Amino acid sequence: MIGLISATAAGAAARDRLAAAWPDRTRVYEGPAGEAVRAAFAECDRLVCFLATGATVRLLAPLLGDKAADPGVVCVDEGGRFAVSLVGGHGGGANELAYEVAELLGAEPVVTTATDAVGLAGLDTLGLPAEGAVAAVSRALLDGEPVALEAESAWPLPPVPFAAQGAYTVRLTDRAVRPGPDEVLLRPPSLVVGVGASRGAPVEEVLGLIEEALREAGLSVRSVAELATVDAKSEEPGIVAAAERLGVPLVAYPAGELAAVAVPNPSDAPLAAVGTPSVAEAAALRRGGELLVPKRKSAASPAMATCAVVRRPGRGRLAVVGLGPGARDLLTPRAAAELRRASVLVGLDQYVDQIRDLIRPGTRVLESGLGAEEERARTAVAEARKGHAVALIGSGDAGVYAMASPALAEASDDIDVVGVPGVTAALAAGAVLGAPLGHDHVSISLSDLHTPWEVIERRVRAAAEADIVVTFYNPRSRGRDWQLPKALAVLSGHREPETPVGVVRNASRPDESARLTTLAGLDPATVDMMTVVTVGNTATRNIAGRMVTPRGYRWQHAPEGAR
């Protein structure tokens, strides 16, 4: 919950804007500022104070304790011009909150955390528990000193400029070891604990068995990703409470699925009780991995709990990111976040140039020229299979005539794939033209590099006969100049010469140009590969210089005054 505190009418107005925008995330604290801050500090995980920074510092000072536990605090000035991350930038989430508040209020975010200021991913922001000399190693990274990464298993980490060797070390491990004086331990969520229990097994027995098994195997409890069991035990109080105390999810599988998992220690008892010869081992191994701790029973007599521990390998992560039509303000926040998260970036060189300033230090960039789409897709998937966090970029929406299709054709279920939508060219051009896509519409690429012309022509003819608005991608290039006239001729057989046609080049970019013409008046020679051509249907009209396709047809037959 985010506590909101203000002391003046101007502050209250901005406060209320946040409260209205985030009704389920915020709580307004009324009354004197000092009392409100103290109450919110005790009850919320983050605060936004619409107060002067000096006043906020004085009110917070007596309350501050541990940076790992204190709430993050953002301070917004009376004029709503700045959102300052004041306390708990990383651990408390104040940096992220400052950006969110600034975007909503139209303010400038102010973040002074050293790693954020220079674009480095902080060691405490990598999404993994961190132990050891976080401050010292972070300072070494900031100072450009060599910091070595020792990864005992591949894991999709965000970009950090690690060196092959160095006096400082970041070690990625799930083993129960202590960090050295100049070392940070990162704990990957690589361990799955399979659990079985008799009815009424106490949580102390279940949890004690898990902790003992991890301790004797030399494994860190901070690397436990989940508890796993059979469906029949998914509501067993001792198992449910053990997962809650460990702060991990409880995953349950049907007995039939677990019965199909090969295990070293099957038993007749669980087969008779829940329908599978193994619960703990089978549940832990259900999604693959290495069995580190075979099934063991709790020490109680009679034993009421069993567990087994499996290490799952890190799965690479491939984000297929659409950059939008070119304007920076049409790049989505989610796309920008994925660019910052990726340790490997794959893309067409001209698209990489568009977002090069967003690439964090330590990111490996693999760029290539036009015509290498399949190669880029294979490269991105191969890098993800090595355990990296990869961003494969494309213009517009990555799923529309872009990189998502070839990438997903290469990818199998051994990596995680995330799609990040973008504003595609048809939508960007449509916004420039007016509302040409107000009714049913279709996008057709006129490039026959991947699709035979006979197939393209059949699709154009179908759209023409169905009276659907058509947006042409890749309409004309120097070596391919006959397809657009042919497509327009097909449409002309079903639409009037006066049918509105919108032509937009470089939508949203500084050299954007747009014009509204007609099916008879369009000169294909004025169109190139940077252009999107939108041909209206029989209902589309030129209204005040804007291309408009109504949502229905009835208006065409209404009396003139009713239109």
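Residues numbered from 1 in each chain as written. Predicted model: local features only at pLDDT ≥ 70, side-chain atom pairs only at ≥ 80, totals over all residues. Heavy atoms only, no water.

Colleague: Please clarify how the sheet that holds strand β22 (residues 441–445) should be interpreted in this entry.
Modeller: The strands making up a sheet associate through backbone hydrogen bonding, with each pair oriented either parallel or antiparallel. The strand order β22-β23-β26-β24-β25 describes an open sheet built from 5 strands, whose pairing is mixed. Taken across any chain shown, the strands that pair with only one partner, and hence form the sheet edges, are β22 and β25 (513–518). The mean inter-strand angle of the sheet, taken between neighbouring strand axes irrespective of direction, is 20°. Relative to strand β26 (residues 531–535), strand β24 (residues 500–505) is paired through 5 bridges, and the arrangement is antiparallel. Note that in β26 the partner of Val504 across the bridge is Val532. Seen against the sheet, helix α17 (residues 453–465) touches β22 and β23 (469–473) and runs at an angle of roughly 160° to β22. (Pairing = 2+ DSSP bridges. Helix = DSSP H or I, 4+ residues; strand = E, 2+ residues; numbered from the N terminus. Axes fitted to C-alpha atoms, helices over the stretch in contact; angles between N-to-C directions. Contact = heavy atoms within 4.5 Å.)

Colleague: Help me understand the packing of α17 against helix α18 (residues 483–492), please; the structure alone is not making it clear to me.
Modeller: What describes two packed helices is the angle between their axes and the distance between those same axes. The N-to-C vectors of α17 and α18 enclose an angle of 30°; their axes lie 9 Å apart at closest approach. In terms of axis orientation, α17 runs roughly parallel to α18. When you trace α17 past α18, the crossing you get is right-handed. For the pair α17 and α18, the contacting residues are Trp453, Glu457, Val460, Arg461 and Ala464 in the first and Gln483, Lys486, Ala487, Val490 and Leu491 in the second. Here the contact of α17 with α18 is built from residues that sort into 6 nonpolar, 1 polar and 3 charged. (Parallel < 35°, antiparallel > 145°, perpendicular 65-115°, else oblique. Left-handed = near helix turned anticlockwise from the far one by under 90°. Nonpolar A, V, L, I, M, F, W, Y, C, P; charged D, E, K, R; others polar.)

Colleague: Can you help me understand the layout of surface pockets in this one?
Modeller: A water-sized probe, rolled over the atoms, reveals where empty space remains. In this model, the second largest pocket occupies a volume close to 1,400 Å³. For the second largest pocket, the lining is made up of 46 residues, of which Tyr351, Glu373, Tyr401, Asn474 and Met529 are closest to its centre. Counting only elements with at least two residues in the lining of the second largest pocket, the list comes to α13 (349–354), α14 (373–385), β19 (389–394), α16 (425–433), β22, α17, β24 and β26. (1 Å grid on protein atoms, 1.4 Å probe; cavity = no way out; pocket = protein on both sides within 12 Å on 5 of 7 lines; lining within 4 Å. Points joined across faces, edges and corners; volume = space filled by probe spheres on them.)

Colleague: Mind showing me how you'd approach helix α12 (residues 333–341) here?
Modeller: Given 3.6 residues per turn, any residue in an α-helix points the same way as the ones three and four places further on. Looking only at α12, the buried set comprises Ala335, Ala336, Glu338 and Leu339. When α12 is viewed along its axis, its buried side chains cluster within an angular range of 160° and face the same direction. Exposed residues lying more than 90 degrees from the buried face of α12 are Pro333 and Arg334. Those residues of α12 that are buried lie in contact with β16 (317–322), β17 (344–348), β19 and β20 (416–420). (Buried < 20%, exposed > 50% of the residue type's maximum accessible area, 1.4 Å probe, protein only. Arc of directions from axis to C-beta.)

Colleague: Can you walk me through the pairing of β16 in this structure?
Modeller: For a regular strand, the rule is simple: side chains alternate between the two faces of the sheet. Judged by how many residues are buried, β16 sits mostly within the fold: 6 of 6 residues are covered. Here 6 bridges tie β16 to β19, and the two strands are oriented parallel to one another. Among the inter-strand pairings, Leu318 is bridged to a residue of β19, identified as Val390. Pairing between β16 and β20: 5 bridges, direction parallel. Of the residues in β20, the one forming a bridge with Ala319 is Val418.

Colleague: Looking at this structure, how should I read the pairing of strand β12 (residues 224–230)?
Modeller: Counting buried residues in β12 gives 6 out of 7 residues, a clear majority hidden from the surface. Following the backbone out of strand β11 (residues 191–197), through helix α7 (residues 203–216) and into the adjacent parallel β12, one traces a crossover that is right-handed. In this sheet, strand β13 (residues 250–253) lies alongside β12 in parallel orientation, the contact comprising 4 bridges. Across the sheet, residue Ala228 finds its bridge partner in β13, namely Val251. The handedness of the β12 to β13 crossover, carried by helix α8 (residues 237–246), is right-handed. (Right-handed = clockwise from strand over helix to strand, strands pointing away.)

Colleague: Would you mind going over the sheet that holds β13 with me for this structure?
Modeller: Read from one edge of the open sheet, 5 strands run β13-β12-β11-β15-β14, paired in mixed fashion. One side of each edge strand has no neighbouring strand; the edge strands of this open sheet are β13 and β14 (290–297). Ignoring which end each strand starts from, the neighbouring axes of this sheet average 20° apart. On top of the sheet, α7 reaches β11, β12, β14 and β15 (305–311); it is set at about 40° to β15, its chief contact. Contacts from α8 reach β11, β12 and β13 within the one sheet, and its direction differs from that of β12 by about 175°.

Colleague: When you look at unusual backbone geometry in this model, what are you seeing that I'm missing?
Modeller: With the exception of glycine, most residues fall at negative phi, and the peptide bonds are largely trans. In this structure, the amide linkage connecting Ser301 to the following residue, Pro302, adopts the cis form with an omega of 0°. Structurally, Pro302 can be placed in the loop between β14 and β15. Positive phi values are uncommon outside glycine, yet Tyr401 reaches one of about 55°. Counting through the fold element by element, Tyr401 comes out in the loop between β19 and α15 (404–410). Taking relative accessible area as the criterion, Tyr401 reaches 43% and is therefore assigned partly exposed.

Colleague: What is the right way to read the nonpolar core from this model?
Modeller: Here is a general trend for soluble globular proteins: nonpolar side chains tend to be buried in one another's company. By size, the foremost hydrophobic cluster in this structure holds 24 residues, and its most contacted members are Val193 and Leu227. If you list the elements that add at least two residues to this core, you get β11, α7, β12, α8 and β15. When residues no more than four places from it in sequence are discounted, the contact partners of Val193 are Ile210, Val224, Glu226, Leu227, Ala228, Cys307, Ala308 and Val309. Of all hydrophobic cores here, the second largest spans 21 residues; its members include Trp453, Leu484, Val503 and Val535. (Core = buried A, V, L, I, M, F, W, Y, C linked by side-chain atoms within 4.5 Å.)

Colleague: How should the packing of aromatic side chains be read in this particular structure?
Modeller: Describing an aromatic ring pair means giving the distance of the ring centres and the angle of the ring planes. Enumeration according to the criterion identifies 2 aromatic pairs in this entry. Consider the rings of Trp453 and Trp482, whose centres lie 5.1 Å apart with planes at 70°: the pair is edge-to-face. One end of the pair, Trp453, is in helix α17; the other, Trp482, is in the loop between β23 and α18, with 29 residues separating them in the sequence. Given the relative accessible area of 42%, Trp482 is considered partly exposed. (Phe/Tyr/Trp six-rings, centres within 6.5 Å; stacked < 30°, edge-to-face > 60°.)

Keep in mind these values describe shape, not function.
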